[in-house]
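Architecture at a glance
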Amino acid sequence: MVRFEHVGLRYGLGPEVLRDLNFHIEPNSFQFLTGPSGAGKTSLLRLLFLSLKPTRGLITIFDNDVVSLAKDELSVLRRRIGIVFQDFRLLDHMTTYENVALPFRVMGKDESSYRGEVVELLNWVGLGERMGALPAVLSGGEKQRAAIARAVIARPQLLLADEPTGNVDPTLAQRLLRLFIELNKSGTTVLIATHDIGLMDQYDARRLVLHDGRLHSYD
Amino acid sequence: MSDLRMDGELTVTQRMAGLLPKSDTPIVPKNSIAGRAMVAVVAIMTFLASLTVGAVMLVRAAASDWQSDVSREITIQVRPETGQNFEGQIQRAIETAREFPGVGEVRAFSKEESAQLLEPWLGSGPALQDLPVPRIIIVRIAPNATPDLAQLRKLLNERVAGASLDDHRAWMDRMRAMANTTIFGGIGVLLLMLAATMLSVAFATRGAMAANRPIVEVLHFIGATDRFIAYQFQRHFLVLGLEGGLIGGAAAIVVFILAGLAGKWGAGFSGGEQLAMLFGTFMLGIEGYLAIAIQALATGLVTALTSRHTVNQTLRTVE
Ligand SMILES: Nc1ncnc2c1ncn2[C@@H]1O[C@H](COP(=O)(O)OP(=O)(O)O)[C@@H](O)[C@H]1O
Ligand SMILES: [Mg+2]
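Since the structure is predicted, the reported quantities are computational estimates derived from the model, not experimental observations.

With that settled, the discussion passes to unusual backbone geometry. Residue and element names in this part refer to chain A. Although it is not a glycine, Asp 20 sits at a positive phi angle of roughly 45°. With respect to the helices and strands, the residue Asp 20 is situated in strand E2 (residues 16–25). In this model, Leu 50 sits at a positive phi of 70°, which is unusual for a non-glycine residue. Within the secondary structure, Leu 50 is located in the loop between helix H1 (41–48) and strand E4 (56–61).

This part takes up the site of ligand 1. All names here are of chain A. Surveying the vicinity of ligand 1 reveals the residues Tyr 11, Val 17, Pro 36, Ser 37, Gly 38, Ala 39, Gly 40, Lys 41, Thr 42 and Ser 43. One of the side-chain N or O atoms of Tyr 11 is found 3.4 Å from a nitrogen atom in ligand 1. In the environment of ligand 1, an oxygen atom lies 2.7 Å from a nitrogen or oxygen atom belonging to the side chain of Thr 42. Protein contacts shield 56% of the accessible area of ligand 1, which totals 550 Å² for the unbound molecule. Here the shell around ligand 1 gets 3 residues from one element, more than from any other, and that element is H1. Among the residues forming the shell around ligand 1, the class breakdown is 4 nonpolar, 5 polar and 1 charged.

Attention shifts here to the sheet that holds strand E5 (residues 64–65) of chain A. Read across the open sheet, the 4 strands follow the order E2-E1-E4-E5 (chain A); overall the sheet is antiparallel. The two strands at the open ends of the sheet, each matched to only one other strand, are E2 and E5 of chain A.

Overall, the coordinates contain 8 aromatic pairs over all chains when judged by the stated rule. Look at Phe 49 of chain A and Phe 221 of chain B: their rings are 5.3 Å apart centre to centre, the planes differ by 55°, and that puts the pair in the tilted class. Highlighted residues: Phe 49 of chain A in the loop between H1 and E4 and Phe 221 of chain B in helix H8 (residues 213–221), drawn from two different chains. A relative accessible area of 13% means that Phe 221 of chain B is categorised as buried. A network of ring pairs unites the aromatic residues Phe 30, Phe 32 and Tyr 203 of chain A as a single cluster. Residue placement shows Arg 78 of chain A over the ring face of Phe 49 of chain A; its charged tip is 5.6 Å from the ring centre. One residue, Arg 107 of chain B, lies across the ring of Phe 109 of chain B, its end atom 5.2 Å from the ring centre.

The next subject is the sheet that holds strand E9 (residues 206–211) of chain A. All names here are of chain A. One open sheet holds the 6 strands; their spatial order is E6-E7-E8-E3-E9-E10, and the pairing between them is mixed. Each end of this open sheet is capped by a strand with a single partner; those strands are strand E6 (81–84) and strand E10 (214–218). Within the sheet, the average angular offset between the axes of one strand and its neighbour, ignoring direction, is 15°. Lying over the sheet, helix H5 (residues 140–152) contacts E6 and strand E7 (158–162), oriented at roughly 170° with respect to E6.

Each value, and the rule that gives it
- Residues numbered from 1 in each chain as written.
- Chains lettered and ligands numbered in written order.
- Predicted model: local features only at pLDDT ≥ 70, side-chain atom pairs only at ≥ 80, totals over all residues.
- Heavy atoms only, no water.
- Helix = DSSP H or I, 4+ residues; strand = E, 2+ residues; numbered from the N terminus.
- Near = heavy atom within 4 Å.
- Polar contact = N/O pair within 3.5 Å; in protein donor to acceptor, adjacent residues only side chain to side chain.
- Areas by Shrake-Rupley, 256 points an atom, 1.4 Å probe, with all protein chains shown as cover.
- Nonpolar A, V, L, I, M, F, W, Y, C, P; charged D, E, K, R; others polar.
- Pairing = 2+ DSSP bridges.
- Phe/Tyr/Trp six-rings, centres within 6.5 Å; stacked < 30°, edge-to-face > 60°.
- Buried < 20%, exposed > 50% of the residue type's maximum accessible area, 1.4 Å probe, protein only.
- Lys NZ or Arg CZ within 6 Å of the ring centre and 35° of its normal.
- Axes fitted to C-alpha atoms, helices over the stretch in contact; angles between N-to-C directions.
- Contact = heavy atoms within 4.5 Å.

Laid out in structure tokens, this is it:
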């Protein structure tokens, strides 16, 4: 599904923050990406999410060489990838329902074709009562769940999450982890970037560890 | 307008009332500082442009009124010549004009009327009776006729000594030149304003896109194509442009209506009378208001097109 070969990344003229990465992500797999703060987790996610291009090496996602893709092809490819940002990135002027429905709207779908699905997912993540609320009045945990709902609503094949439990209490973190596991069981490939060792200890999965820009894998 | 959404709680109660949840909030938020500024710029520009259009229409209408009044009438002036019977000269001139095809009513000023015309300059008194004052003959042109004035002039010269024909052509040419200058000047002002509008709209669009950059990023991340994003912004700016055009155009129309009413009410006073003489009733006709409406609409569309161009340009450079 995803293949990295000798991938390196640097920002501008700075040092290489990612060096010679080689790894695969298999379909339907579940993995954690971990490492100390500043190790390059977010940068690696941005490569996976096609918002950065590698300065060297080859990245293949869904059998596409990402460097060769045109801008609009990238957009369409991104629809198969869901991402949860560390800072949520919800649109402040839209309700929770509208934020979560946004991927469908962007695809040009008719609202009647997805309304039920969005409501169902919102109920499932416990935001059924908050559908009409704007992000400004949501708690941190509610925003986190809204962001996750938006990332998964269009059933992406690959789900990326950047520190999804960074802003929530341990109980909610546990619930979110269960949510990711559920999604994985229903066929989504999941990669969670986290430095929360307690979280990783709750679920036995592959760990990709970034250190000094290099990757070590523990299956 | 619909600030309902600014209040999350209100929307919740709405939803609870059993309404289906809906995605109808514009993707580009409507109420932003950049958006307000854009509406203000477009409204002001439309207002000024509408005033220009209205003024040009007034001048044009007034000029064509004067022209048609004046061109339906010509004057023959008869100067007394030594060795001629003055009344006979006048009579011959009248007859020549009356017989001429295409001529309607012909009327000569009497001696007394001519004296009256000159009274303000020469005063009244017996001295005037003795002065050789030229006589004016007013010749009305028959409705829908276009008499050959050159021919009439020739006949008069042949038959009547001291007669000259004035078809006011020189005066009308000057009038027309003045009206045209005003109209061209107005068009020039409009073009300048259009350019200024486009420039400010381009800047306002860049500002709005910079302010909405997080939204553009999120849209990209969830798989929106540039086309989709551009469409959202174009719709946003079309609404803003039309709103500005509507406000500016409506304000200008109100100003013209008020000016028209003021002209009517002020008709009794000296200033009002003069204005009425210059501009008729100082009222824009239907076509004047139509021109303003079209102009306001056009400004809105130009705004939208300018924004569209700027949006596409900006998106091309955003990664
Ligand atoms: N936009 C950027 N420009 C320059 N340097 C950056 C940028 N983003 C991240 N970095 C640098 O790259 C390194 C890895 O950062 P990041 O990927 O955010 O790590 P993590 O998510 O593991 O904390 C850090 O040294 C950071 O300073
Ligand atoms: Mg990070």
